[in-house]
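# Structure at a glance
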Amino acid sequence: MNDNISTDTDNNLSTKITMIVFWGLFIIGLGFAGLLLHDIERNTIERREASADTIAYRIYSTHLESGSLSASIKDELTRISTSLDIIKIEIQQNDKIISHVESDVETQQTESISRSIQNTSAKQKPYTLVVTFSKLEDTIHNERKQLLIILGTLLLIFGVILKFLLERILNKPMTEMVLTAQEISSGDVAQKFDDERNDEFGFLARFINTAIQNMRNQELEAYQAKEFAEVTLRSIGDGIVTTDKYGKIMFMNPVAEELSGYLLDEVSGKQLTDVMKLICEGTNNNLPHPIEGCLARNKIIDIDSDCVLVHKDGSHIPVTNSAAPIQDSKKQLLGGIMVFHDVSEARTLQQELSYQASHDHLTGLYNRREFDQELNTALSHAKRDKHEHVLCYMDLDQFKVVNDTCGHAAGDMLLRKLSKKLKTGLRKSDVLARLGGDEFALLLLHCDIERAVKVAENIHQMINDFIFQWEGTSCQVGVSIGLASLSHTFKDSAEVLAATDIACYTAKEEGRNRIHIYQADDKKLTLRREEMSMVGKVREALSGNLFELFAQPIVSTSNVHDCKHYELLIRLKTEDGEYISPARFLPAAEKYQLMTEIDSWVVQNAFHLMIDSSQQKNDFSLAINLSGQSINDTKFLKFIVDKIAEFNLDASRVCFEITETAAINNLDHAIDFIKTLKELSCKFALDDFGTGVSSFEYLKRLPVDYLKIDGAFIKQLDSNKIDRAMVKAINEVAVIMGMKTIAEFVENEEIYKILNDIGIHYAQGYWVSKPDLASKIIKEY
Amino acid sequence: MSERHFRIVLGLWLILGLYLNIIEIIYALIGLLLFEGITNQRIPGLITKLRSGKKHSQDQQAGSNSRFSFEAERALRFLVALFVFLPLLQGFEIIWLLPWFVGFALIGAGLSGICPMVKTLKHIGLR
């Protein structure tokens, strides 16, 4: 536009003024001249006729009064001819020229006008006046030239002056304004319109100057606001990219430049979706760009948490990403803003945490939790798709030996090496996990039991061939493997694991280092399952306080009514109100290391019983059976000591019964246990003596107070001399060692009398009293 | 010499010839205009070229956007020659005013710097 104003002379204001004023005036003037010239011929003829008439009248009126021409006629004619542009004037009478006047003008072609002048004297003939003019056309021509020259010159002068004035008044200030506008447009902010004039241009200049100043102020404010916004955006720690409403990049802050690898100048105006690719972390598939959705739907879009930004150099940067529309006050979409944040560290940490939560830290294999999920998934697939999968449960044999002989570091190393070896022969789809300790599980997907057996055999062979070297010591371990095919009969992973656990346990019971396949109708497995069921009941009883304390009196052999001792027995109460004997649940509890918990429960409740029953009877003592597991547990010893102190109990009324086998398995520990509690005045009895190892050597070392002779020697005491002799011998040894003896299984009076004869101190058995609820029997007996 | 100056001089000569009724001047001017129109060697350009060796602006306008390649200035020469010559013919005396008009128009165009005829010709499409 600016160029047009400055260079196009056809359209500028000066040209228009010139065209309108100058040429308009010129044409109008010449038109007017044409009109004037149009009547010039008629006017000239009329003027000439009038001149002839005028001369004739003057001659008649002034010079024929006396009836003849006066002498001054010639002077008069000369004066008239000069003033009226007449070439010649002749006065004739009777064709004779009587007076003649002729001008100096020479002309070849003339035209004459005649007039007859009546003589005042009637006798004389009239005069004839002949007035000669130059040729009419010449006269007209001359007059036209004069008029055109004068008019044309005046018009030209007037037009030039008018043009000059108009240009000075209108065009010059307008042109100056245009030039100023051009300079302002070209960026010269120092330029101002001339506002010192007092005319309309001055008013316009002031108005425009004020408007421009206001506009500049607003522009400055907007610029400052924009600068502030950009500085703010640059200072933000997140990557920020703004686009127009078509998704073309308008702004990137330095963080965005760093994360994307592109500079703003490099990508400004390009489609954001083309520049910044977003892919899924796991699959590397392109993700829908949030800015597209944001601009299309005019609302905030958050991207998937697994989003990765592809850097210019092709590297991947994990980011969290969101896009929001930029709207004006009327909610009209102006553009979009994408904000993203580098979450590499957080994502790595998350992955590490996820890995740690799902993997065993020692071996790097799946842990139990993750394996449970895999197993559940496989189980549901097996039920739905009828696919066959097999679970292989592996428990290392003799691993405890490695731990005990070489230390836990060696055990850990062994587990790591074995894990690596186990992984080598497996398919990618197989899932190997360490369930804990030396237990491993392998889930063989899409595998029938025959093939699973071969895999298990390979593993079995591989582990048997594996010799572990540790600081010059060679160790070898075996593995017991339980296999179970995932079938619809299993409800969940726990059941499958329990089944393979049972199978593995069975393999161990069969002699370790072998493979056993779980079958639903397997008797051994059924037994094992019952045991496990019993373990569950024991756990329920412990948590739900479902045990009951029974007691059986131990009476003096000299007086059956002299009862100051009771042996506490435990029963498990079912939901039906029936009691399960300890013979059914204690073996399972012992296998699953629950004996200490049971013993703790017994001790706690026995002490309560002693306190509660003290009002009725305060001179009785209670015998509490302890398992080998409890004796070997130092925490349990502390528990008893604390409880005695807590109940402020007379410890001499407490007698702990330990079996010969339990004591001998860890003799030193048992001796320490006994000595510690004896210092608190507790009593100890060696239970079931005679049927176990039955070494008097052990008896000599164990500082017990009572010796309970096993019932096997007592049952037939009335008929078996050998039993009687053995009981007598045991009793004699015990008495010499300062112990008192107790006979179990006293089932009739005769045995009771024999025991008295032998010198046994106490008797216990059905003949004396059957076991009953402790609180009841202590009160009654 | 620019076209403006040339127009003033040409107009003055034409008015002079008409005023003094010197037909030779009229014919000479007609001849000059025809020469310029036919050869496209215009006096202003020739004089400028002789003086400074520069090319006249007529060549600088060679690339302007127009429908015809024929130059408006050349056409103007032909038209002026025609308008001056035509009233000299028998039977065309009635348009005796036309040469006067052309003469004053040339002087006006020179003084104002704007020639309506050239503009009209350019508007029609001449270069």
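I will try to describe carefully the structure that is included in this document. (Residues numbered from 1 in each chain as written. Chains lettered and ligands numbered in written order. Predicted model: local features only at pLDDT ≥ 70, side-chain atom pairs only at ≥ 80, totals over all residues.)

## Quick notes on the overall build of chain B
Within chain B, the secondary structure is distributed over seven helices and zero strands. Order of helices (α) and strands (β) in chain B, N terminus to C terminus: α-α-α-α-α-α-α. Looking at the 127 residues of chain B, the share that counts as buried comes to 35%. Looking at chain B alone, contacts between residues at least 24 apart form 70% of all its contacts between residues at least 6 apart. (Helix = DSSP H or I, 4+ residues; strand = E, 2+ residues; numbered from the N terminus. Buried ≥ 20, exposed ≤ 12 C-beta atoms within 10 Å, placed from the backbone. Contact = placed C-beta atoms within 7 Å.)

## Quick notes on the sheet that holds strand β18 (residues 515–517) of chain A
All names here are of chain A. Taken together, the five strands give an open sheet; going across it, the order is β13-β14-β12-β17-β18, and neighbouring strands pair in mixed fashion. Bordering the open sheet on either side are β13 (431–436) and β18, each of which pairs with just one other strand. This sheet shows a mean twist of 20° between the axes of neighbouring strands, independent of strand direction. The sheet contact formed by strand β12 (residues 390–397) and strand β14 (residues 439–444) spans six bridges and is antiparallel. Across the sheet, Y393 pairs through a bridge with A441, a residue of β14. Along the sheet, helix α15 (residues 449–465) makes contact with β12, β14, β17 (478–485) and β18, crossing β17 at roughly 170°. (Pairing = 2+ DSSP bridges. Axes fitted to C-alpha atoms, helices over the stretch in contact; angles between N-to-C directions.)

## Overview of the sheet that holds strand β3 (residues 110–117) of chain A
The strands making up a sheet associate through backbone hydrogen bonding, with each pair oriented either parallel or antiparallel. Residues and elements named next belong to chain A. Read across the open sheet, the four strands follow the order β2-β1-β4-β3; overall the sheet is antiparallel. Only two strands of the sheet have a single partner each, and these edge strands are β2 (96–102) and β3. Adjacent strand axes in the sheet meet at a mean angle of 15°, parallel and antiparallel pairs treated alike. Relative to strand β4 (residues 127–134), β3 runs antiparallel, the two sharing eight bridges. What sits directly across from I117, in β4, is Y127.

## Quick look at the interface of chain A and chain B
Every contact between the two is made by 17 residues of chain A and, on the other side, twelve residues of chain B. If you list the elements that add at least two residues to the side of chain A that touches chain B, you get α2 (13–38) and α5 (136–185) of chain A.

## Overview of the environment of A:R427
Residue and element names in this part refer to chain A. Here R427 is to be found in the loop between α14 (408–424) and β13. Residue class for R427 comes out exposed when judged on the 11 C-beta atoms lying within 10 Å of it. Here the alpha-carbon distance between R427 and L445, two residues 18 residues apart in the chain, equals 9.3 Å.

## Structural notes on unusual backbone geometry
For residues that are not glycine, phi is negative in most cases, and the peptide bond is trans in most cases. Residue and element names in this part refer to chain A. Although it is not a glycine, K331 adopts a positive phi angle of roughly 65°. The phi dihedral of E471 falls on the positive side, at around 50°, and the residue is not glycine. Along the chain, E471 falls in the loop between β15 (467–470) and β16 (473–476). The exposure class assigned to E471 is exposed, which follows from the 8 C-beta atoms found within 10 Å.

## Overview of the packing of helix α19 (residues 595–613) of chain A against helix α21 (residues 634–647) of chain A
Residues and elements named next belong to chain A. One can describe the packing of α19 onto α21 by two numbers: an axis separation of 11 Å at closest approach and a directional angle of 15°. Taken as axis vectors, α19 and α21 run roughly parallel relative to one another. Considering the relative orientation of α19 and α21, their crossing is right-handed. Residues T596, D599, S600, V603, Q604, F607 and I611 of α19 pack against F636, F639, I640, K643 and F647 of α21. Looking at the contact of α19 with α21 residue by residue, the class counts come to seven nonpolar, three polar and two charged. (Parallel < 35°, antiparallel > 145°, perpendicular 65-115°, else oblique. Left-handed = near helix turned anticlockwise from the far one by under 90°. Nonpolar A, V, L, I, M, F, W, Y, C, P; charged D, E, K, R; others polar.)

## Some words on helix α12 (residues 368–385) of chain A
Residue and element names in this part refer to chain A. When the terminal C-alpha atoms of α12 are compared, their 25 Å separation across 18 residues agrees well with the 26 Å that a helix rising 1.5 Å per residue should span. Residues of α12 that are buried include every one of F371, L375, A378, L379 and A382, and no others. Considered in projection along α12, the buried side chains sweep an arc of 105° and stay on one side of the axis. Turned more than 90 degrees from where α12 packs its buried face, R369, R384 and D385 sit exposed. Where the residues of α12 are buried, they touch β12, β13, β14 and α16 (493–509). Just downstream of α12, K386 is the residue with a positive phi angle, here 60°. (Expected span 1.5 Å × (residues − 1). Arc of directions from axis to C-beta.)

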